[in-house]
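Analysis of the macromolecular model
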Number of protein chains: 2
Amino acid sequence: MTGRRPTIRPVSSVDVAKLAGVSQSAVSRTFSPDGSVSAATREKVLAAAAALGYRPNRIPAIMLSGRSHMVGVVVGGLDNPFYATVLDRFAVALREIGLQVLLVQVADSVALDDALDQLAGYRVDAAVTALAVGTQRAADALSALRIPIICFNSRLTSPWISTVQSDNRTAGRDAADLLADRGVRRPAWMAGPRANAASQERGRGFAERLAARGLPSPTLLRGDDTYQGGQDAVRRLLSTSPPPDGLFCGNDLMACGAIDALRQAGGLSIPRDVRVVGYDDIPQASWQSYDLTSFDQQVERMVAATLDLLAGALAGPPGPTGGRTVRIPVRLVPRGSTRQGG
Amino acid sequence: MTGRRPTIRPVSSVDVAKLAGVSQSAVSRTFSPDGSVSAATREKVLAAAAALGYRPNRIPAIMLSGRSHMVGVVVGGLDNPFYATVLDRFAVALREIGLQVLLVQVADSVALDDALDQLAGYRVDAAVTALAVGTQRAADALSALRIPIICFNSRLTSPWISTVQSDNRTAGRDAADLLADRGVRRPAWMAGPRANAASQERGRGFAERLAARGLPSPTLLRGDDTYQGGQDAVRRLLSTSPPPDGLFCGNDLMACGAIDALRQAGGLSIPRDVRVVGYDDIPQASWQSYDLTSFDQQVERMVAATLDLLAGALAGPPGPTGGRTVRIPVRLVPRGSTRQGG
DNA sequence: TTGTACGCGTTATCAT
DNA sequence: ATGATAACGCGTACAA
């Protein structure tokens, strides 16, 4: 015999069949969307199932169909409210189309391989990643799963990987225009980590539009996408240089840290002395103490686009269907931190 | 024949065995932690597996062992950074002990039943819930899964449910002591939704200690656990009554909203005019604009306790092992919002 | 409409 | 140490 627990066993369709006096197939058909059973049989089966507390087991169906209806969702750093929101929306949207979320939190890239092995073992049909940091190594590891991968705001590429991203470059340009319109003369740019491709694009769009407007290249502040990093970067800058009069930050967390440091360490007023623009439009951006102008990435639309790609990849036969990129426009959300004549 | 995809098929152990010229059992043993194979055989198997890109499939093992090594994690509202952090820690901790996270986001209680049916179908070994709101209905639905459930900071009970919670009542008392020590005369309490049992406990502890210290009953403000709710509640209060000089909030989100409203709508200063205490110690509590005194629930310890309960329940034979409650002490984190002589 | 039989990919047992 | 085999619970083709 196999070494299974001889004690209790979950109720199976065989048990129900026995009690209902029908075949196991009849039970299966009763619980299948398009199974044809007579009303009488269905009645008996449902009664027996209820009596035993039977719950259809979806595991065997995975073996038969080769589809688990599970999607691996790989996240890193839910400390950022933006990613928490993204995960929230994904969980809802995926379940609505009958897909389960197998969550993988990846702190460091060492953990990634392990985590992906486990995903592979559970035969997830596809994977979605919202990794803030996208290295080639991560792309390779993900592609090795040989399942469709959708990257969220991260520029990994491979035949298996498609990408959905906000229009980072255009947003950077819009930020430059906004600050220029407000009369900014000494712009600064607070970048995220070098590996954050989205952040890089934002900075590039910002710099090129500033140049087009005849403004100097922005002072570079290096942050790490966290509140503390934003604060530290500003303090470092203030200790050696005069403050900028306009600051674009790679994300809202850093922007909030920057604002607090500008006020406290620099004794500066927002927006009178410094105009600040962030990115992500996290809930805290609208909190009155920050009242931060930001870019809404329109998560709902990004999630919808991701599901489209996912559905497309899962509809056809297995095989690499990646390489596509969908770019979603961002929406500028003007607030007090760039108010005219503050 | 069964109606499976006749096109491509994931590589199975049989394929590897064929290529390696060994039996399928040898392949299985090679990939099993305690399978005994000769070095020569292992070599051949690993080579063949690498050549074919074989990944062991864990699905059949679920059928044989009756254990999926998946845990359903039920969350509601990742908008609250506290719950985002909790989920983050769970994902890491569960994977460390070899358990997968099947994530279920439950917005309304209608969705709960559907979601739980799906969890049941995937035969999760156990479930963890961090539902902010715990109704008897939710408890019943969860218990119907007939698997061990651990409730996080929510007072659901049943033979299948055990609970891990922070010491809400004591924290409420400590908040009262702190405010009393600061000379507060007109205390107020901002509660969460009525269904939030944890919040109720905090308020009860607060009120009873205030009474013991000879202070009046706190003015009740009704919030909804969100920033906006906190703000609205304060605005409503200020429009009809003089402001309190000490405010304890059911969570930090409401406290941040309250602080902004006190400052902006009331023109009040924190802590000079009003001392404020929150709960959860979310990252935003330490942001300089709020500098909010709060209670750290020690998530790491709560998660550890949850995993202990989980491991205990999964170690023995299946059966109801619930009914236990673990209470974790909280840690007061004093900050500027209750500073002496602000 | 209903029942029988088979197979999904793996692990555990048994015999070699 | 290794190979053959049964079994897990379900969906489906086929026969009735």
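The model shown is predicted, which means the values in this text are computed figures rather than measured ones.

Time to look at unusual backbone geometry. Cis rather than trans, the peptide bond between Ile 270 of chain A and Pro 271 of chain A has omega equal to 5°. At Arg 146 of chain B, a position not held by glycine, the phi torsion is positive, near 55°. Of note, Arg 146 of chain B is situated in the loop between α7 (136-143) and β4 (149-152). The exposed category is assigned to Arg 146 of chain B, whose relative accessible area is 58%. Here the phi dihedral of Asp 291 of chain B falls at roughly 45°; this positive angle occurs in a residue that is not glycine.

In this section: the pattern of salt bridges. All told, the structure shown has 30 salt bridges over all chains when counted by the stated rule. The partner of Arg 169 of chain A in a salt bridge is Glu 201 of chain A, and the shortest N-O contact between them spans 4.0 Å. On the criterion of sequence distance, the pair formed by Arg 169 of chain A in helix α8 (residues 168-181) and Glu 201 of chain A in helix α9 (residues 197-212) is long-range, its members being 32 residues apart. Relative accessible area serves as the criterion here: at 18%, Glu 201 of chain A is assigned to the buried category. Between Asp 281 of chain B and Arg 335 of chain B there is a salt bridge whose closest N-O contact spans 2.9 Å.

Residues and elements named next belong to chain B. The strand order across the open sheet formed by 4 strands is β7-β6-β8-β9, and the pairing between neighbours is parallel. The two strands at the open ends of the sheet, each matched to only one other strand, are β7 (219-222) and β9 (275-277). If you compare each strand with its neighbour and ignore which way they point, the axes differ by 20° on average. For strand β6 (residues 187-191) and β7, the ladder comprises 4 bridges, and the chain directions are parallel.

Let's shift gears to the packing of helix α10 (residues 227-240) of chain B against helix α11 (residues 252-264) of chain B. Residue and element names in this part refer to chain B. Between α10 and α11, the shortest axis-to-axis distance is 6 Å and the interhelical angle comes to 40°. With respect to their mutual orientation, α10 and α11 come out oblique. Between α10 and α11 lies a crossing whose hand is right-handed. Mapping the contact onto sequence places Tyr 227, Gly 230, Gln 231, Val 234, Arg 235 and Leu 238 in α10 and Leu 253, Met 254, Cys 256, Gly 257, Ala 258, Asp 260, Ala 261 and Leu 262 in α11. Grouping the amino acids of the contact of α10 with α11 by side-chain chemistry returns 9 nonpolar, 3 polar and 2 charged.

One face of the sheet, then the other: side chains in a regular strand alternate in exactly this way. Residue and element names in this part refer to chain A. For strand β1 (residues 70-75), the tally of buried residues reaches 6 of 6 residues, placing the bulk of the element in the interior. Here β1 shows no split at all, with Met 70, Gly 72 and Val 74 on one side and Val 71, Val 73 and Val 75 on the other all buried. As paired strands, β1 and strand β2 (residues 100-105) are joined by 6 bridges and run parallel to one another. Paired with Val 74 across the two strands is Val 104, which belongs to β2. Between the parallel pair β1 and β2, the chain is carried across by helix α5 (residues 81-96), and the sense of this crossover is right-handed.

Next up on the list: the interface of chain A and chain B. Listed per partner, the contact involves 63 residues of chain A and 65 residues of chain B. Of the roughly 5,700 Å² buried where chain A meets chain B, counting both sides, 55% is carbon and sulfur surface. Ranking the residues of chain A by area buried against chain B places Arg 55, Tyr 122 and Trp 287 of chain A at the top, with a combined share of 14%. Taken together, the links from chain A to chain B amount to 2 salt bridges. Note that Asp 117 of chain A is salt-bridged to Arg 55 of chain B, the shortest N-O span being 2.5 Å. At the junction of chain A and chain B, the tally comes to 26 residue pairs in polar contact (both at pLDDT 80 or more).

Let us look at the UniProt feature "domain: HTH lacI-type" (unreviewed entry) in chain A. Per the UniProt annotation, the sites labelled "domain: HTH lacI-type" (unreviewed entry) are residues 11-65 of chain A. The span residues 11-65 of chain A carries 65% helix and 0% strand; its end-to-end C-alpha distance comes to 22 Å.

Okay, the sheet that holds strand β8 (residues 246-249) of chain A next. Residue and element names in this part refer to chain A. Strand order in the open sheet formed by 4 strands is β7-β6-β8-β9, and the pairing between neighbours is parallel. In this open sheet, the two edge strands, each paired with only one partner strand, are β7 (219-222) and β9 (275-277). Taking the axes of each pair of neighbouring strands and ignoring which way they run, one obtains an average angle of 20° across the sheet. Bridge count between β8 and β9: 3 bridges; the pairing is parallel. Bridged to Leu 247 within β9 is Val 276.

Further remarks concern the side chain of Asp 252 of chain A. Residue and element names in this part refer to chain A. Relative to the assigned elements, Asp 252 resides in helix α11 (residues 252-264). One buried charged residue, Asp 252, remains without a salt bridge, the closest side chain of opposite sign being Arg 335 at 6.1 Å. Within the local environment of Asp 252, its side chain forms a polar contact with the backbone nitrogen of Tyr 279, the two atoms lying 2.7 Å apart. There is a polar contact of 2.7 Å between the side chain of Asp 252 and the backbone nitrogen of Asp 281.

Turning our eyes to something else, we now look at the domain arrangement of chain A. Examined at the domain level, chain A breaks down into domain 1 (13-57), domain 2 (68-166 + 299-330) and domain 3 (168-296). Between the C-alpha centres of domain 1 of chain A and domain 3 of chain A there is a distance of 62 Å.

Attention shifts here to α11 of chain A. Note on helix geometry: an α-helix contains 3.6 residues per turn, so any two residues three or four positions apart are oriented the same way. Residue and element names in this part refer to chain A. Its 13 residues place the ends of α11 18 Å apart at the C-alpha level, agreeing with the 18 Å of an ideal helix rising 1.5 Å per residue. Buried residues dominate α11, accounting for 11 of its 13 residues. On its buried face, α11 sits against α5, β6 (187-191), α10 (227-240), β8, β9 and β10 (294-296).

Turning next to the relation of the copies chain A and chain B. For the pair chain A and chain B, the relating rotation is 180°, the translation along its axis is 0.1 Å, and the fit reaches an RMSD of 0.1 Å. Seen this way, the second copy is the image of the first under a two-fold rotation axis. When C-alpha positions in chain A are compared against the rotation axis, the closest is assigned to Leu 102 of chain A, at 2.3 Å. Mapped onto chain B, 100% of the interface residues of chain A again fall at the interface, so both copies present the same surface.

Residue and element names in this part refer to chain B. Evaluated as defined, the whole model comprises 21 aromatic pairs over all chains. With centroids separated by 5.4 Å and ring planes inclined at 75°, the aromatic side chains of Phe 90 and Phe 152 adopt a geometry described as edge-to-face. Of the two residues, Phe 90 is situated in helix α5 (residues 81-96) and Phe 152 in strand β4; the sequence distance between them amounts to 62 residues. Here Phe 90 matches Phe 152 in class, with each residue buried.

Parameters and conventions
- Residues numbered from 1 in each chain as written.
- Chains lettered and ligands numbered in written order.
- Predicted model: local features only at pLDDT ≥ 70, side-chain atom pairs only at ≥ 80, totals over all residues.
- Heavy atoms only, no water.
- Helix = DSSP H or I, 4+ residues; strand = E, 2+ residues; numbered from the N terminus.
- Buried < 20%, exposed > 50% of the residue type's maximum accessible area, 1.4 Å probe, protein only.
- Salt bridge = Lys/Arg side-chain N within 4 Å of Asp/Glu carboxyl O.
- Pairing = 2+ DSSP bridges.
- Axes fitted to C-alpha atoms, helices over the stretch in contact; angles between N-to-C directions.
- Parallel < 35°, antiparallel > 145°, perpendicular 65-115°, else oblique.
- Left-handed = near helix turned anticlockwise from the far one by under 90°.
- Contact = heavy atoms within 4.5 Å.
- Nonpolar A, V, L, I, M, F, W, Y, C, P; charged D, E, K, R; others polar.
- Right-handed = clockwise from strand over helix to strand, strands pointing away.
- Buried area = accessible area lost by both parts, 1.4 Å probe.
- Polar contact = N/O pair within 3.5 Å; in protein donor to acceptor, adjacent residues only side chain to side chain.
- UniProt positions renumbered as here; feature names shortened; annotations may be inferred.
- Lys, Arg positive; Asp, Glu negative; His and termini not counted.
- Domains from an automatic or database assignment.
- Expected span 1.5 Å × (residues − 1).
- Least-squares fit on C-alpha atoms with pLDDT ≥ 70 in both.
- Phe/Tyr/Trp six-rings, centres within 6.5 Å; stacked < 30°, edge-to-face > 60°.

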